[in-house]
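# Structural overview
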Amino acid sequence: MSHFTGTDPIPGDRASVDAIEQVIVPRAKDLGGFEVRRALPAVGRQMVGPFIFWDQMGPALFDPGQGIDVRPHPHIGLSTLTYLFEGEMMHRDSLGSALAIKPGEVNLMTAGRGIVHSERTAPETRARGQRMFGIQSWLALPKAEEERAPSFTHLGADDFPLIEDRGVRVRLIAGSLLGATAPLTTPGNPLYADVMLAAGSRLPIDAVAEERALYTVEGEIEIRGDRFPPGQLLVIRPGDTVTVEAAGPARFMVLGGDAADGPRHIWWNFVSSSKARIEQAKDEWRTGRFDIVPGDAEDFIPLPG
């Protein structure tokens, strides 16, 4: 339990509208009835800490018989981090991992030198239909880790610290915040948290990471008189403390970490500090040199173009 009080003033708070360096409104894309809103990369901002890709998935309601079918596809040079608010999705990868992710759980898949995975709605879930809502992000690996061996980690909702105090509820997914430290570790020292505020509560976000941002999920949040609706990425000025307040119930994500050790190139599902390495990955996928996904090897997404 943290010792901050969710309704009391925050001594020494330096929050101001100026503390928000950039407001990013995601680009929406309809994937056959399933809307994805992409906040990163954006004009003027490629990354926040190691986070180089940020997609809000849904919310979407799938009728019985409908679902998601993301066919096997490759990644290099990054970790994918999937976190669901609602719904369920089946993950399979070329390491042999095969399990469903549910609300509050995390799938962390580190591609390193190369991995292939698929994401689908399981037959039993498809039969009954479901509401789907979540965040999928990519974390660019540090240059020294880009060619590491691929790996997969799944953590359940109960594995994460839960901080609750007077209308503030924080599930800490990665990094350290409010005196707690999450068990999830991955290169780049990411900070990642799921925050829910009751009406009238507030939360200070200290400069615990070199780069930080907030992503509004539900309800409006207020920072020194300015209100921000759902579906916006608010990049916080480095070194500043902001206090987030909620007039009504609200939910947002905190994300960030160490600044990247240089820019990254992104092409399709590949991330690398080297253009030549991306060209190599393109050739490897085109010529079938990536591993297959056991249990889902009959189909794949071809190389674009």
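Note that this is a predicted model, so its numbers are computed, not measured.

### Some words on the environment of Ile 115
- Within the element layout of this structure, Ile 115 appears in strand β10 (residues 115-120).
- Accessibility expressed as a relative area gives 1% for Ile 115, which makes it buried.
- In sequence terms Ile 115 and Gly 179 are 64 residues apart; their C-alpha atoms lie 35 Å from each other.
- Ignoring anything within four residues of it in the chain, the contact list for Ile 115 reads His 73, Pro 74, His 75, Asp 93, Ser 94, Leu 95, Met 109, Thr 110, Pro 150, Ser 151 and Phe 290.

### Topic: the confidence of the model for the protein chain
- On average, residues of the protein chain carry a pLDDT of 92, and 93% of them reach 70 or more.
- Under a pLDDT of 50 for its full length, residues 1-17 has, in the predicted model, 45 contacts with residues more than four places off or in other chains.

### Focus on helix α2 (residues 275-286)
- Taking 1.5 Å of rise per residue, 12 residues should cover 16 Å, and α2 covers 17 Å from first to last C-alpha, within 8% of that figure.
- Within α2 the residues assigned to the buried category are Arg 277, Ile 278, Ala 281, Lys 282, Glu 284 and Trp 285. What you see down the axis of α2 is that its buried residues fit within an arc of 165 degrees, all on one side. Exposed side of α2, more than 90 degrees from the buried face: Lys 275, Ala 276 and Arg 286 are the residues found there.
- Of the surrounding secondary structure, the elements contacted by the buried residues of α2 are β5 (69-75), β10, β25 (265-267) and β26 (270-272).
- Where α2 begins, the side chain of Ser 274 points an oxygen toward the backbone nitrogen of Ala 276, at a separation of 3.3 Å.
- A positive phi of about 75 degrees marks Gly 288, the residue just after α2.

### Structural notes on the sheet that holds strand β17 (residues 191-197)
- Taken in spatial order, the seven strands make up an open sheet running β1-β22-β19-β24-β17-β14-β13, and their pairing is antiparallel. This sheet does not close on itself; its edge strands, each paired only once, are β1 (20-24) and β13 (162-165). Each strand of the sheet is rotated relative to its neighbour by a mean of 20 degrees, with strand direction disregarded.
- In terms of strand pairing, β13 meets strand β14 (residues 168-174) through four bridges, oriented antiparallel.

### Points about the packing of aromatic side chains
- What the rule picks out here adds up to 15 aromatic pairs.
- Seen from their ring centres, Trp 54 and Tyr 215 are 5.5 Å apart, and the 55 degrees between their planes marks the pair as tilted. Separated by 161 residues along the polypeptide, Trp 54 in strand β4 (residues 51-62) and Tyr 215 in strand β19 (residues 211-218) bring together distant segments of the chain. Of the two residues, Trp 54 and Tyr 215, both sit in the buried class.
- The interplanar angle of 55 degrees and the centroid separation of 6.5 Å between the aromatic rings of Trp 268 and Trp 285 together place this pair among those described as tilted. Here the residue Trp 268 occupies a position in the loop between β25 and β26, and Trp 285 occupies one in helix α2, the gap between them amounting to 17 residues.
- Relative accessible area serves as the criterion here: at 23%, Trp 268 is assigned to the partly exposed category.
- Each residue in the set Phe 51, Trp 54, Tyr 83, Phe 85, Phe 133, Tyr 192 and Tyr 215 is aromatic and connected to the rest through ring pairs, giving one cluster.
- The ring of Trp 267 carries the charged tip of Lys 282 above its face, separated from the ring centre by 4.2 Å.

### With respect to the side chain of Thr 110
- Along the chain, Thr 110 falls in strand β9 (residues 106-110).
- A relative accessible area of 4% places Thr 110 in the buried class.
- For Thr 110, the side chain forms a polar contact with the side chain of Ser 79, separated by 2.8 Å.
- If we ignore the near neighbours within four places in the chain, the residues touching Thr 110 are Leu 78, Ser 79, Ile 115, Leu 141, Arg 148, Pro 150, Ser 151 and Thr 186.

### Description of the pairing of β10
- Across the six residues of β10, five count as buried, placing the element largely inside the fold.
- Alignment of β5 against β10, held across five bridges, turns out to be antiparallel. From the neighbouring strand, Val 70 faces β10, where its bridge partner is Glu 119.

### Some remarks on the sheet that holds strand β6 (residues 78-86)
- The strand order β2-β3-β4-β11-β6-β9-β12 describes an open sheet built from seven strands, whose pairing is antiparallel. Since the sheet does not close on itself, it has two edges, and those belong to β2 (27-30) and β12 (151-155), each with one partner. Shown here is a sheet whose adjacent strand axes are inclined to one another by a mean of 15 degrees, direction ignored.
- Sheet analysis places β2 next to strand β3 (residues 35-40), joined by four bridges and oriented antiparallel. Paired with Lys 29 across the two strands is Val 36, which belongs to β3.

So, how was this worked out
Residues numbered from 1 in each chain as written. Predicted model: local features only at pLDDT ≥ 70, side-chain atom pairs only at ≥ 80, totals over all residues. Heavy atoms only, no water. Helix = DSSP H or I, 4+ residues; strand = E, 2+ residues; numbered from the N terminus. Buried < 20%, exposed > 50% of the residue type's maximum accessible area, 1.4 Å probe, protein only. Contact = heavy atoms within 4.5 Å. pLDDT = per-residue confidence, 0-100. Expected span 1.5 Å × (residues − 1). Arc of directions from axis to C-beta. Polar contact = N/O pair within 3.5 Å; in protein donor to acceptor, adjacent residues only side chain to side chain. Pairing = 2+ DSSP bridges. Axes fitted to C-alpha atoms, helices over the stretch in contact; angles between N-to-C directions. Phe/Tyr/Trp six-rings, centres within 6.5 Å; stacked < 30°, edge-to-face > 60°. Lys NZ or Arg CZ within 6 Å of the ring centre and 35° of its normal.

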